[in-house]
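# Summary of structural features
The chain contents come next:
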Amino acid sequence: MPLTTGPIENTGNQPANASSVRVKVLNLTGGLLTGVVRVFRLNGSRQLLSTTPFAAIANGSTFVTPGVGSSPQYEVEIVPNQNGGIYSVYGRTATGTIIAAQRFVNSELTQTF
């Protein structure tokens, strides 16, 4: 039940390219929702950049902000321990500005197997 953004181009963005990515986790279950967010560098080969754990309390939310380095292309993969979460992903510049072209809402994420 992992979810992915698919490949994200990280060149020519306004106001700047992403240096990090914010992943928001909304837990709609009655128990603890845990998992990891993996960020991969894409540019010929898929290289794992980071694995960041998350934990959202019952009916609560949290976020994590892993870096993407200077990757010209990257992918974000969300791996929860159970169903019942809603997620959003968005690239952020070094100053924390959201990059609209790198925003993904839950319905835009693809489930992988």
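If you're wondering where the values come from, they're calculated on a predicted model, not measured in any experiment.

## Let's talk about the overall build of the chain
Secondary structure assignment for the chain yields 0 helices and 10 strands. For the chain, the sequential pattern of α-helices and β-strands runs β-β-β-β-β-β-β-β-β-β. Relative to the compact-globule value of 13 Å for 113 residues, the chain shows a C-alpha radius of gyration of 13 Å, a close match. The proportion of buried residues among the 113 residues of the chain is 43%. Residue pairs in contact within the chain that sit at least 24 positions apart in sequence constitute 72% of those at least 6 positions apart.

## Structural notes on the pattern of salt bridges
Per the stated rule, a full pass over the model turns up 4 salt bridges. Arg 46 serves as the salt-bridge partner of Glu 77, at 3.7 Å between the closest nitrogen and oxygen. Of this pair, Glu 77 sits in strand β7 (residues 73-80) while Arg 46 sits in strand β5 (residues 46-56), and the two are 31 residues apart along the sequence. Assessed through its relative accessible area of 10%, Glu 77 is described here as buried. Residue classification places Arg 46 among the partly exposed residues on the basis of a relative accessible area of 46%. Glu 108 is the salt-bridge partner of Arg 103, the closest N and O atoms lying 3.7 Å from each other.

## With respect to the pairing of strand β4 (residues 33-42)
Bridge count between β4 and β5: 10 bridges; the pairing is antiparallel. Paired with Leu 42 across the bridge in β5 is Arg 46. Here β4 runs beside β7; their pairing, made up of 7 bridges, is antiparallel. When the bridges of β7 are listed, Val 39 appears paired with Val 76.

## Some remarks on the environment of Arg 41
With respect to the helices and strands, the residue Arg 41 is situated in strand β4. Residue classification places Arg 41 among the partly exposed residues on the basis of a relative accessible area of 25%. Along the backbone, Arg 41 and Tyr 74 are 33 residues apart, and their C-alpha atoms lie at a distance of 4.6 Å. With residues near it in sequence (within four places) discarded, Arg 41 still touches Arg 46, Gln 47, Leu 49, Ser 70, Ser 71, Pro 72 and Gln 73.

## Side note on the sheet that holds strand β9 (residues 98-104)
In space, the 4 strands of this open sheet follow the order β6-β3-β8-β9, with antiparallel pairing throughout. Edge positions in the open sheet fall to β6 (61-64) and β9, since each of these has one partner strand only. Sheet twist, expressed as the mean angle between neighbouring strand axes with direction ignored, is 25°. Summarising the sheet, strand β3 (residues 20-27) and strand β8 (residues 85-92) pair through 8 bridges and their orientation is antiparallel. Across the sheet, Arg 22 pairs through a bridge with Tyr 90, a residue of β8.

Calculation notes
- Residues numbered from 1 in each chain as written.
- Predicted model: local features only at pLDDT ≥ 70, side-chain atom pairs only at ≥ 80, totals over all residues.
- Heavy atoms only, no water.
- Helix = DSSP H or I, 4+ residues; strand = E, 2+ residues; numbered from the N terminus.
- Rg over C-alpha atoms; globule rule 2.2 N^0.38 Å.
- Buried < 20%, exposed > 50% of the residue type's maximum accessible area, 1.4 Å probe, protein only.
- Contact = heavy atoms within 4.5 Å.
- Salt bridge = Lys/Arg side-chain N within 4 Å of Asp/Glu carboxyl O.
- Pairing = 2+ DSSP bridges.
- Axes fitted to C-alpha atoms, helices over the stretch in contact; angles between N-to-C directions.

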